[in-house]
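Structural characterization, general
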Amino acid sequence: MTTETTNRMDLMFRKLKSEGRAALIPFLTVGDPDLNTTLDIIRELEAAGADILELGVPYSDPLADGPVIQRASSRALRGKVHLRTCMETALKARQAGSSLPFILFTYYNPVMQMGLDTFFAELDKHEISGLIIPDLPVEESEDMRRRSSAAGINLIPLVAPTSSERIAKIVSGASGFVYCVSSLGVTGERSSFHTGIDAFLESVREATDLPIAVGFGISTGEQVARFARICDGVVVGSAIVRKVEDVIPLLEQPATRAEGLLQIREFVAQLRP
Ligand SMILES: O=P(O)(O)OC[C@@H](O)[C@@H](O)c1c[nH]c2ccccc12
């Protein structure tokens, strides 16, 4: 008997599975280059065929991020964007008509600053279905998992090719989907992936009944299609964040803003599996 869920992200994966399709999961840094533009970009990503959205909270010390997302975080932080404004942006996008499931991507420090009780009380109110915290300390993960579950939020675990014997432990009790990191190192477009990536993804598939998604380095339609054949979701971050960065001069001028947004939409549309 399947447990009834109202979680928007879980429902999306079920829908995609019935359609035999993998989810296209863009990541973007909220507030890059500003909050209003983020709302416009969310609309463009949805029109381009995104299925789930990873909303990145800018952070001053993004240890797991490469230069593209580091620059995006710096631009957003200059605009004083922080965790609460990112949550508010998700709610505004929903109120503006987006039906996409939102994953809040944040490092652990901003969550601690807000306080766990407040943080979890705010998530559902702000239409957040999933949570990724890449630097969540292991000793905190049980408490965070309990709180997430009580709030009806999916705390999405990350597994890396080096996780091998820990995969079963990492995914046990998880919900939403399992985020398989395709390569070691930091985020950023790549032309090749960790050797044995297929065997790694297969080992994760065997360790969980949850959907599995892959991310890190994926930047072309061909790479998305390759992974969409073996995963339930494909995450693209840096390539999209770079596209946003490239068109900022267009976005900043009223006369060329529509052209800038169109270029983002077209870039993401050609990624779709
Ligand atoms: O940027 P890439 O190489 O496409 O990878 C996805 C990534 O952007 C997104 O999922 C993410 C952004 N920052 C992270 C830090 C750790 C894990 C994942 C992430």
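In this report, we go over the structure that sits alongside the text.

Conventions adopted
- Residues numbered from 1 in each chain as written.
- Predicted model: local features only at pLDDT ≥ 70, side-chain atom pairs only at ≥ 80, totals over all residues.
- Heavy atoms only, no water.
- Near = heavy atom within 4 Å.
- Polar contact = N/O pair within 3.5 Å; in protein donor to acceptor, adjacent residues only side chain to side chain.
- Areas by Shrake-Rupley, 256 points an atom, 1.4 Å probe, with all protein chains shown as cover.
- Nonpolar A, V, L, I, M, F, W, Y, C, P; charged D, E, K, R; others polar.
- Axes fitted to C-alpha atoms, helices over the stretch in contact; angles between N-to-C directions.
- Helix = DSSP H or I, 4+ residues; strand = E, 2+ residues; numbered from the N terminus.
- Parallel < 35°, antiparallel > 145°, perpendicular 65-115°, else oblique.
- Left-handed = near helix turned anticlockwise from the far one by under 90°.
- Contact = heavy atoms within 4.5 Å.
- Buried < 20%, exposed > 50% of the residue type's maximum accessible area, 1.4 Å probe, protein only.
- Salt bridge = Lys/Arg side-chain N within 4 Å of Asp/Glu carboxyl O.

**Examining the site of the ligand**
Surveying the vicinity of the ligand reveals 16 residues, the closest of which are D65, Y179, G217, G237 and S238. Within the backbone of F216, an N or O atom sits 3.4 Å from an oxygen atom of the ligand. Within the side chain of S238, an N or O atom sits 2.5 Å from an oxygen atom of the ligand. Summarising the interface, the protein chains cover 99% of the accessible area of the ligand, which totals 440 Å² for the free molecule. Per-class residue counts for the shell around the ligand are nine nonpolar, five polar and two charged.

**Things to note about the packing of helix α2 (residues 35-48) against helix α12 (residues 257-269)**
The interhelical angle for the contact between α2 and α12, taken along N-to-C directions, is 40°, at an axis separation of 8 Å. The orientation of α2 with respect to α12, classified from their angle, is oblique. Seen from above, α2 lies across α12 with right-handed handedness. Here N36, T37, D40, I41, E44, L45, A47 and A48 of α2 lie close against α12, whose contacting residues are R257, L261, I264, R265, V268 and A269.

**Considerations on the environment of A150**
Positionally, A150 belongs in helix α7 (residues 138-151). On the basis of relative accessible area, A150 is assigned to the exposed category, the value being 72%. Distance in space between the C-alpha atoms of A150 and F120 is 9.0 Å, their sequence separation being 30 residues.

**Section: the pattern of salt bridges**
Counted under the stated rule, the structure contains 19 salt bridges. Between R8 and E127 there is a salt bridge, and its shortest N-O distance comes to 3.8 Å. Of this pair, R8 sits in helix α1 (residues 8-19) while E127 sits in the loop between α6 (116-125) and β4 (128-132); the two residues are 119 residues apart in sequence, bridging distant segments of the chain. Using a relative accessible area of 27% as the deciding quantity, one classes E127 as partly exposed. Across the salt bridge formed by R94 and E127, the nearest N and O atoms sit 2.6 Å from each other. Placement of R94 in helix α4 (residues 83-95) and of E127 in the loop between α6 and β4 is noted, with a sequence separation of 33 residues between them. Salt bridges here are not isolated pairs; linked through shared partners, they connect K15, E19, R21 and D51.

Any functional reading would require information that these geometric values do not contain.
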